[in-house]
Amino acid sequence: MTRIPKSEYARRRKALMEQMEPNSIAILPAAPMYIRNRDVEHVYRQDSDFQYLSGFPEPEAVIALIPGREHGEYVLFCRERDPERELWDGLRAGQDGAVNDYGADDAFPIGDIDDILPGLIEGRDRVYYAIGTNEAFDHRLMEWIKTIRAKARQGAQPPSEFVALDHLLHDMRLYKSSNEVKVMKHAAEISARAHICAMQASRAGLFEYHLEAELDYEFRKGGAKMPAYGSIVAAGRNACILHYRENDAPLRDGDLVLIDAGCEIDCYASDITRTFPVSGRFSPEQKAIYELVLAANEEAFKHIAPGRHWNEAHEATVRVITAGLVELGLLQGEVDELIACEAYKPFYMHRAGHWLGMDVHDVGDYKVGGEWRVLEPGMAMTVEPGIYIAADNQDVARKWRGIGVRIEDDVVVTRSGCEILTGGVPKSVAEIEALMAAAREQAA
């Protein structure tokens, strides 16, 4: 399986420490375990910032990065080996594994952190830490600072400044390395196969969850431990609910199905949306809306390249969709005026995309100094225009009501433009209908 190599984690830590002020320390806690119900825990997923710097997959761990520390700059606190607990919960790296397998310069038991970490903080001028993201750890850190302040008469020096670590780290995460792009491509390929399987399985009489099961099966079969987010399988009018979650309605002949789903590999997300007819044939109205959304999707790619700003792709989709809605008679007026007064918003109410990476809605500022961010190579994003005509929209002819279409791809900015990572799923009406027809023939 494609993975991020140890050397890359080391480069990231080095790059972060180079941005830190002298005589400072950065502190990051691992994600906590979350209880699902009573004594059952959710499947563990590491905090993205912690993962980005360490690749360490366990809970109950804390990173301390201390530039210039004589005994090693990367300190990792983690659980000790414990044969009894490992019998129940799985193997642990322990302190030796933290050093040998995960590149720590020094590793201590997490149970000793109250005795050791205050001593590492003491005398540092500045602490880099993401305040407000982990409330329980915020309190622990403040207790350690109080411990140092209580010893001020003995000459202890508490830090004089706290700086938001996430700002530095999130700007680093915005630029994907070649290794990161490889992992994201791998996730996209698995997700593409899953979407194809869902199309092939679709037929009237099934339920939305039958198609979700196809997705989950392909994700796991491809090596993904979990979806990158809650999969959306929305048939008929449910496709007009942007974050539909129930996935339990019947699939009916004549309806469309909108599937927004992607898996995660090594903590890197894919995010794909495709819309297709339950029984394999678009109606004339569905086809008209679908092809308009597809035209907007494909137009957006032309506006993603170094030197273009973040919002250009969105503006391009708005123009294509607004002009198309006028042509179909769903809007009346001059295109420029309709765009200026946002007349398209009842049909297209969301942005054309978002940053993509370790988080499906990934970190990174969209504006810098009040201006839209200029795109640079290595930035990854989604392109996902859509049109949603509510089933109770009395302003349009009945034939249009209840149609919801979104088409979403993942792209990475390259030196000359952008690379589409999710091209493995059919998008044209002809391709989708041919794929589904072939599946029906095979089933017969």
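Labelled according to an unreviewed UniProt entry, the protein chain appears under the name Xaa-Pro aminopeptidase, originating from Stutzerimonas stutzeri KOS6. Looking at the Cofactor (unreviewed entry) heading of the UniProt record, one finds this comment for the protein chain: "Mn(2+)".

1. Brief notes about the pairing of strand S10 (residues 232-235)
Here S10 shows two buried faces, one formed by Ile-232 and Ala-234 and the other by Val-233 and Ala-235. Two elements, S10 and strand S11 (residues 256-261), share four bridges in a ladder whose sense is antiparallel. Residue pairing in the sheet places Val-233 in a bridge with Ile-259 of S11.

2. Some thoughts on the nonpolar core
One broad trend across soluble globular proteins is that nonpolar side chains are buried collectively. By size, the foremost hydrophobic cluster in this structure holds 99 residues, and its most contacted members are Leu-16, Leu-211, Val-257, Ile-259, Ile-289 and Ile-387. Ranked by residue count, the leading element in this core is helix H8 (residues 178-201), at twelve residues. Taken domain by domain, the makeup of this core includes at least three residues from each of domain 1 (6-173) and domain 2 (175-443). Residue contacts for Ile-259: discarding those within four places in its chain leaves His-195, Ala-198, Leu-211, Leu-215, Ile-232, Val-233, Ile-272, Thr-273, Arg-274 and Phe-276. Membership of the second largest hydrophobic core comes to 21 residues, among which are Ile-27, Leu-117, Tyr-129 and Phe-137.

3. Brief notes about the packing of aromatic side chains
Per the stated rule, a full pass over the model turns up ten aromatic pairs. Each ring, one from Phe-56 and one from Tyr-102, has its centre 5.0 Å from the other, and the planes form 85 degrees; the classification is edge-to-face. With Phe-56 in the loop between helix H2 (48-54) and strand S4 (62-65) and Tyr-102 in the loop between helix H4 (94-100) and strand S6 (106-109), this residue pair connects regions lying 46 residues apart in the sequence. Judged by its relative accessible area of 0%, Phe-56 falls in the buried class. In this structure Tyr-102 comes out as partly exposed when scored by relative accessible area, which is 23%. Here Phe-282 and Tyr-290 contribute two aromatic rings whose centre-to-centre distance is 5.0 Å and whose plane-to-plane angle is 55 degrees, an arrangement assigned as tilted.

4. Description of the sheet that holds strand S12 (residues 263-265)
Pairing within the open sheet is antiparallel, and its three strands lie in the order S9-S12-S13. Looking at the sheet topology across the chains shown, the edges are occupied by strand S9 (226-227) and strand S13 (268-269). Pairing between S12 and S13: two bridges, direction antiparallel. Paired with Ile-265 across the bridge in S13 is Tyr-268.

5. Overview of the domain arrangement of the protein chain
Quoted interface sizes are often the accessible area lost when the parts come together. Taken domain by domain, the protein chain consists of domain 1 (6-173) and domain 2 (175-443). With 15 residues of domain 1 at the contact, the number on the domain 2 side is 17 residues. Taken together, the two surfaces of domain 1 and domain 2 that pack against each other cover about 1300 Å², and 43% of this comes from carbon and sulfur. Inspection of the region where domain 1 meets domain 2 yields five salt bridges.

About the criteria used
Residues numbered from 1 in each chain as written. Predicted model: local features only at pLDDT ≥ 70, side-chain atom pairs only at ≥ 80, totals over all residues. Heavy atoms only, no water. UniProt positions renumbered as here; feature names shortened; annotations may be inferred. Buried < 20%, exposed > 50% of the residue type's maximum accessible area, 1.4 Å probe, protein only. Helix = DSSP H or I, 4+ residues; strand = E, 2+ residues; numbered from the N terminus. Pairing = 2+ DSSP bridges. Core = buried A, V, L, I, M, F, W, Y, C linked by side-chain atoms within 4.5 Å. Domains from an automatic or database assignment. Contact = heavy atoms within 4.5 Å. Phe/Tyr/Trp six-rings, centres within 6.5 Å; stacked < 30°, edge-to-face > 60°. Buried area = accessible area lost by both parts, 1.4 Å probe. Salt bridge = Lys/Arg side-chain N within 4 Å of Asp/Glu carboxyl O.

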